[in-house]
Amino acid sequence: MKRTLLLLSVILISLISAQGQSTIEGKIIDASSKQAISYATVYNEAMRLGTITNDNGFFRLQIKSEQDSITISFIGYQRFRASVKELRTKKVIKLEQDVTLLSAAFVEGDNSYWYTILSKCRKKRDHSLQEARTYFELENFINGEQIELVEGYYNGQFRSGDVSQIALKNGRCGLRKFGDTFYLSTSTSRAFQMQTIYDRASYFPRTPLEYSSRKLKKRYDLTLISRTLDDEGRTIYTIAFTPFEKSDWFFEGTAVIDSTSNRLLRIDLSIEDAAIHPFLPILPEDTILNVDMRISRTFELDDQHSRFHHMDFDYSIEYKGVNRDSYTTSTSAVLFAYSNGNLFELPQLEVDLTGASDYRMMNAYARNPFFWENCAELRMSDEDGANDAFYASPSVITEDLLFDPNFAFPQGFKAGGFHFWKESSRISGINTLAKSDSTSFWDKTIQEIPYFIDSKLYLDINDCGDSLDIYTRTLLDPFTSYFNLPQNGKTLAFINMYIDIAEIERRRFQSEIAQTSDIQEIKMLFNHANAELERELLRYTRAVHRGENMMAFKSWNEYIKHHLGIDNFAYFRLDEE
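Residues numbered from 1 in each chain as written. Predicted model: local features only at pLDDT ≥ 70, side-chain atom pairs only at ≥ 80, totals over all residues. Heavy atoms only, no water.

**Notes on a positive patch on the surface**
Thinking step 1. Residues Arg 214, Lys 215, Lys 218 and Arg 219 make up a contiguous surface patch of positive charge.
Thinking step 2. Relative to the assigned elements, Lys 218 resides in helix α5 (residues 213-219).
Thinking step 3. Residue classification places Lys 218 among the exposed positions, given a relative accessible area of 62%. (Patch = residues over 30% accessible without salt bridge, like charges linked within 9 Å, V, L, I, M, F, W, Y side chains within 5 Å. Areas by Shrake-Rupley, 256 points an atom, 1.4 Å probe, with all protein chains shown as cover. Salt bridge = Lys/Arg side-chain N within 4 Å of Asp/Glu carboxyl O. Lys, Arg positive; Asp, Glu negative; His and termini not counted. Charge placed at Lys NZ, Arg CZ, Asp CG, Glu CD. Helix = DSSP H or I, 4+ residues; strand = E, 2+ residues; numbered from the N terminus. Buried < 20%, exposed > 50% of the residue type's maximum accessible area, 1.4 Å probe, protein only.)

This is the structure we're talking about:
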């Protein structure tokens, strides 16, 4: 099959071709209870494209033809398969449970057996590493009005039922002002990693699976809710757990366990007015008055392993800002693992993002339109295109403005995003280190090197079926750059020319890879481009000496003018000096 190399300039072709495709939609419910089934997977085998049902069980999925084969699956239910033509006649799809309710007469003399079941589940946890593509979505509301939407795709690592690590592939976000400010859920994806079920989590209430059977008996009362038999002959127990003391330090909920293998299928946790939680106020003077949380984890079992399927995390926060009444935010977030072992090609950028918030990560890994149109193969469904409508609303700030270094929130909270090179704009300055920020190390460093301009090349490879998209950008890292010298027209021209040289190298790299579709070769050429950029910037800084060597300065200005059409001397009025 022929592969086409798609550069940024021809993305429009894929957008036009997508217009010829149509969709199918429906609602999935439990055949017995008639309740909507949330987070069921709906997959188009022909297009290798999927979606997840929303809270109402609704899905909308792209199709090529009426003969496409659609598969619908959810843990605990029989798999449903049909062609698009067959589904057209069904507005509501009923999934049958693959379990049979057993007699409730199965009761021990006391409930000690349920403690044994739960403690065995702890001992049998699966320590093997699971790697999968992972989708994340967060919606935030105040008084029923949506104020925030965050979506992201990651490579996920899972172990012992917990989220060990997620590495961002690409994301997008939008904020709507509430009153005179914005409310940001800056690190919810990290909270997914912080909450554990078998080990003590520092910023979450306790769970019953943390305890041995002996200690569990002192903390929790266990009750059998149901005993069922699945289609493979396994007995499934649903056990409710309630702390003896109605404490704000302990989760209550239910655990669904396969008693044959003593492995966890699902756990639901809830707590009101939690004494411990992972949330901090946006501003230091604000206060969090109350936090309610509901967390569910679902797993898939095969002959050897228990695999993470999805985790949904709903929470409400009563929040009080300075000099204002309190208000309650309601947030729903989901982390969904799919395509086990088939990982994304992650972006390449030499920036330290350890501990970075969701927003800063998404700023660094700039939203790639091609990825969202062609490679985002699984995402949450919504009935009326609510997500796209939210992003498109004039009242919503998306990443284009949110991460603009010149954009500041009310009350002085600054986004402080990366500077991406743009032909139409010039950098107006770089942060100067204040004395209060200096340490003896920094004092010595600044004396020897009074400035540091950290310019980077960014590479994002998207291999989507027959098409290979190479997305590159030039950026300046404002978190590591500094300029402890007077910033005037000459030094600002020096800074901008520094970034312009990086852009020239980016364009050279882009032209080098135009004729290849070999991903390893592209990576090798990218490493070569970074090394060449480092040498070129060293030549520039040594030659111009911050603009003091005017002859060399003019020569580099002509070099940039030739390649980019930008005259920094004219822009910063150096010709008038």
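**Some thoughts on the sheet that holds strand β3 (residues 41-44)**
Thinking step 1. The strand order across the open sheet formed by five strands is β7-β6-β3-β4-β20, and the pairing between neighbours is mixed. If you trace the sheet from one side to the other, it starts and ends with β7 (80-83) and β20 (378-380), each paired once. If you compare each strand with its neighbour and ignore which way they point, the axes differ by 20° on average.
Thinking step 2. As paired strands, β3 and strand β6 (residues 69-73) are joined by four bridges and run antiparallel to one another. From the neighbouring strand, Val 42 faces β6, where its bridge partner is Ile 72. (Pairing = 2+ DSSP bridges. Axes fitted to C-alpha atoms, helices over the stretch in contact; angles between N-to-C directions.)

**Considerations on the state of the cysteines**
Thinking step 1. In the structure shown here, the tally under the stated rule is one disulfide.
Thinking step 2. Cys 375 shares a disulfide with Cys 464; S-S distance 1.6 Å. Disulfide Cys 375 to Cys 464: torsion about the S-S bond roughly 95°, handedness right-handed. Placement of the pair is Cys 375 in the loop between α7 (369-374) and β20 and Cys 464 in strand β24 (residues 455-464), with a sequence separation of 89 residues.
Thinking step 3. Given the relative accessible area of 6%, Cys 375 is considered buried. (Disulfide = S-S within 2.5 Å.)

**Some words on the pattern of salt bridges**
Thinking step 1. Tallied over the entire structure, the rule returns 20 salt bridges.
Thinking step 2. We note a salt bridge from Arg 506 to Glu 503, for which the minimum N-O separation is 2.9 Å. Taken together, the positions of Arg 506 and Glu 503, both in helix α11 (residues 489-512) and three residues apart, correspond to about one turn of that helix.
Thinking step 3. By relative accessible area, Arg 506 is classed as buried at 15%.
Thinking step 4. For Glu 503, a relative accessible area of 3% puts it in the buried group.
Thinking step 5. Salt-bridge contacts for Arg 507 lead to Glu 503; the nearest nitrogen and oxygen are separated by 2.9 Å. You can see Arg 507 and its partner Glu 503 sitting in helix α11, four residues apart, about one turn around the helix.

**Examining the nonpolar core**
Soluble globular proteins tend to pack their nonpolar side chains together in the buried interior.
Thinking step 1. Judged by nonpolar contacts, the single largest core of 78 residues is most densely connected at Leu 222, Leu 264, Met 293 and Phe 313.
Thinking step 2. At six residues, strand β18 (residues 306-320) tops the list of elements feeding residues into this core.
Thinking step 3. Those residues in contact with Leu 222 that sit more than four places away from it in its chain are Asn 111, Trp 114, Tyr 115, Leu 118, Leu 216, Ile 239, Ala 240 and Phe 241.
Thinking step 4. Of all hydrophobic cores here, the second largest spans 42 residues; its members include Ile 461, Leu 468, Ile 470 and Phe 509. (Core = buried A, V, L, I, M, F, W, Y, C linked by side-chain atoms within 4.5 Å. Contact = heavy atoms within 4.5 Å.)

**Side note on the sheet that holds strand β5 (residues 58-63)**
Thinking step 1. Strands sit in the order β5-β2-β8 across an open sheet of three strands; the sheet is mixed. If you trace the sheet from one side to the other, it starts and ends with β5 and β8 (92-95), each paired once. Along the sheet, successive strands turn relative to each other by an average axial angle of 40°, direction set aside.

**Digging into helix α13 (residues 550-564)**
Thinking step 1. Counted at 1.5 Å a residue, the expected span for α13 with its 15 residues is 21 Å, and the 20 Å between its end C-alpha atoms agrees.
Thinking step 2. The complete set of buried residues in α13 reads Ala 552, Phe 553, Trp 556, Asn 557, Ile 560 and Leu 564. With its buried residues spanning 140° around the axis, α13 presents them on a single face. In α13, the exposed residues that point more than 90 degrees away from the buried face are Met 551 and His 562.
Thinking step 3. Against α11, α12 (519-544) and α14 (568-571) lie the buried residues of α13.
Thinking step 4. Looking one or two places after α13, you find Gly 565, whose phi comes out positive at around 75°. (Expected span 1.5 Å × (residues − 1). Arc of directions from axis to C-beta.)

**Observations concerning the packing of aromatic side chains**
Thinking step 1. Applying the stated criterion across every chain, the model contains 38 aromatic pairs.
Thinking step 2. A ring pair is formed by Phe 74 and Tyr 77, whose centres lie 6.0 Å apart and whose planes are at 45°; its orientation type is tilted. Here Phe 74 and Tyr 77 have matching classes, each one buried.
Thinking step 3. An angle of 55° between the planes, with centres 6.0 Å apart, marks the rings of Phe 204 and Phe 313 as tilted. A residue pair is termed long-range when its members are at least 10 positions apart, and Phe 204 in the loop between α4 (188-194) and α5 and Phe 313 in strand β18 qualify at 109 residues. Neither Phe 204 nor Phe 313 differs from the other in exposure class; each is buried.
Thinking step 4. Taken together, Phe 136, Tyr 154, Phe 192, Phe 204, Phe 279, Phe 313 and Tyr 315 form an aromatic cluster joined through their ring pairs. (Phe/Tyr/Trp six-rings, centres within 6.5 Å; stacked < 30°, edge-to-face > 60°.)

**As for the environment of Ala 502**
Thinking step 1. Considering the arrangement of structural elements, one finds Ala 502 in helix α11.
Thinking step 2. Overall, Ala 502 belongs to the buried group, its relative accessible area being 0%.
Thinking step 3. Residues Ala 502 and Ala 529, spaced 27 residues apart in sequence, show a C-alpha to C-alpha distance of 9.6 Å.
Thinking step 4. Beyond its immediate stretch of four places on either side in the chain, Ala 502 contacts Ser 455, Leu 457, Thr 474 and Leu 533.

**Comments concerning the confidence of the model for the chain**
Thinking step 1. Averaged over all residues, the pLDDT of the chain is 84; the fraction at 70 or higher stands at 88%.
Thinking step 2. Across the chain, α13 holds the top mean pLDDT of 96, while helix α1 (residues 11-18) sits lowest at 33.
Thinking step 3. Across residues 1-20 the pLDDT falls below 50, and counting only partners more than four positions away or on other chains, this stretch makes 31 contacts in the model.
Thinking step 4. In the model, residues 104-109 has pLDDT below 50 throughout and makes six contacts with residues more than four positions away in sequence or in other chains. (pLDDT = per-residue confidence, 0-100.)

**Focus on the side chain of Gln 195**
Thinking step 1. Here Gln 195 lies in the loop between α4 and α5.
Thinking step 2. On the basis of relative accessible area, Gln 195 is assigned to the buried category, the value being 1%.
Thinking step 3. With sequence-adjacent residues up to four places away left out, Gln 195 is seen in contact with Asp 162, Ala 201, Phe 204, Thr 207, Phe 251, Leu 269, Ile 295, Arg 297 and Met 311.

**Considerations on α12**
Thinking step 1. An ideal rise of 1.5 Å per residue puts 38 Å on 26 residues; α12 measures up with 37 Å between its terminal C-alpha atoms.
Thinking step 2. The N-cap of α12, judged by a side-chain oxygen 3.1 Å from the amide nitrogen of Gln 520 a few residues on, is Asp 518.
Thinking step 3. Positive phi appears at His 545, one or two residues downstream of α12, with a value of about 50°. (Polar contact = N/O pair within 3.5 Å; in protein donor to acceptor, adjacent residues only side chain to side chain.)

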